[in-house]
Structures are given as C-alpha cells and as structure tokens.
Amino acid sequence: MGNASDAMQISAFGMRAQAARMRIISENIANADSTAREPGGDPYRRQVPIFEAELDRATGLNAVRMTDVAHDQSEFTLEYDPGHPAANQEGYVQYSNVQTLVEMMDMREAMRTYEANLNMIENARRMQERALDLLRR
C-alpha cells in the first residue's frame, strides 16, 4: 500500500505548489493595468514563483515546493498621458509589466498540472481500493 500512498503524497505536494502558483498569477492579473501611486513612481511589478525540489522529512519523499517569489525585471510599459496623476515630468505613465495573455497561458498550464495531480490521486486511491478488494477474496 505504501507506493499508492507515496504517489498520493507526491501529487498532493504538486497540487499545493500549483495552487500557490495560481494565487500569484491571479495577483498578477488583478494588477495588470496598475500604475504608480505617485508621479514618476513604479507600478506593480510582475511576480514569478520559484519552485524547488526538497526532501520532505515527514514522509521521506522528494517534494516540490514554492520557496520564493521573484520580481520580473522586464521593462514597464510606457504610455504618453500628461494628464494622468502618475505621469512623469515628460508626461509618460508607467504601467505594470504584466502581460495578461502570458498570465492566462500560465494559469491554464497551472490548472492542467493541478488537474493531472488530482487525477493521479484518484487513480492511486482506486488502485488501493482494488488491492483491498483482491485481498478480501
């Protein structure tokens, strides 16, 4: 039974990592059109989750975990709008470096990975049930 339980544990780690990734993507999307709060300031900077494989001491399994969040250092989008409250001295407003299309593609990938891990848990559970049924015969 240990192998199916291990598979479920590993998939659960994967689901937690993808859920964390989806939270960050959601925050990025929510701030995609943000500007600075003051003239010439920086708007919201896109966040990127950092994942690492770690040995989980409780289970003895290798697990994937989100260990940090980095800030995407790509350039902000500039738009000329001298009447905007966040416009710099030249009249340009900096908008977030979040690209909604990229975030939506990342979200789709995270959702599919989450679902794949969920399916793995369901299959492992079915395997355990089937093994128990065979032992009862």
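On a predicted model such as this, the values are computed, not experimentally measured, just so you know.

1. So, the pattern of salt bridges
Taken as a whole and assessed by the stated rule, the structure comprises nine salt bridges. In this structure, the salt-bridge partner of D72 is R46, at a minimum N-O distance of 3.3 Å. You can see D72 sitting in the loop between β2 (61-71) and β3 (77-80) and its partner R46 sitting in the loop between α1 (2-30) and β1 (47-56), a full 26 residues away along the chain. There is no split in this pair, since D72 and R46 are both buried. Each member of the salt-bridge network shares a partner with another, and the members are R46, D72, E103 and D106.

2. Points about the side chain of R21
Relative to the helices and strands, R21 resides in helix α1. When neighbours within four sequence positions are excluded, R21 is seen to be in contact with P49, F51, D106, E109 and A110.

3. Examining a nonpolar patch on the surface
A cluster of nonpolar side chains, namely F51, V64 and M66, defines an oily patch on the protein surface of about 200 Å² accessible area. For M66, a relative accessible area of 31% puts it in the partly exposed group.

4. Comments concerning the packing of aromatic side chains
Aromatic ring pairs are defined here through the distance separating the ring centres and the angle between the ring planes. For the structure shown, the criterion picks out one aromatic pair. On the numbers, 5.3 Å between centres and 65° between planes, the contact of Y80 with Y92 is edge-to-face. Remark: Y92 occurs in strand β4 (residues 92-95) and Y80 occurs in strand β3; sequence separation between them is twelve residues. For Y80, a relative accessible area of 56% puts it in the exposed group. For Y92, a relative accessible area of 36% puts it in the partly exposed group.

5. Observations concerning the confidence of the model for the protein chain
Here the protein chain shows a mean pLDDT of 92. Residues at 70 or above account for 99%. Predicted confidence in the protein chain is weakest over α1, with a mean pLDDT of 91, and strongest over β4, with 94.

6. Things to note about the environment of L55
The residue L55 is located in strand β1 in this model. Note: C-alpha distance between L55 and E90 (35 residues apart in sequence) is 52 Å. Setting aside chain neighbours within four positions, we find L55 in contact with G60, L61 and N62.

Parameters at a glance
Residue positions within a chain follow its written sequence, with the count starting from 1. With pLDDT at 70 or above as the cut-off, local features in this predicted model cover only qualifying residues; side-chain atom pairs require 80 or more to be listed or tallied, and sums for whole chains, interfaces and linings still use all residues. To get the side-chain values, take all heavy atoms of the structure and skip hydrogens and water. We define a salt bridge as a side-chain nitrogen of Lys or Arg found within 4 Å of a carboxyl oxygen belonging to Asp or Glu. Per the convention used, a helix needs a DSSP run of H or I reaching at least four residues, while a strand needs a run of E reaching at least two, with both numbered from the N terminus. For the exposure calls, accessible area comes from a 1.4 Å probe over protein chains only, and a residue counts as buried if that area is under 20% of its type's maximum, exposed if over 50%, partly exposed in between. It only takes one pair of heavy atoms within 4.5 Å for two residues to be counted as in contact. Patch definition: residues with relative accessible area over 30% and no salt bridge; like charges joined within 9 Å; nonpolar side chains (Val, Leu, Ile, Met, Phe, Trp, Tyr) joined within 5 Å. Note on areas: Shrake-Rupley with a 1.4 Å probe; residue coverage comes only from the protein chains shown. For this analysis, a ring pair means two rings from Phe, Tyr or Trp (six-membered ring only for Trp) whose centres lie within 6.5 Å, classed as stacked if their planes differ by under 30 degrees, edge-to-face if by over 60, and tilted for the remaining angles. Known as pLDDT, the predictor's per-residue confidence is scaled from 0 to 100.

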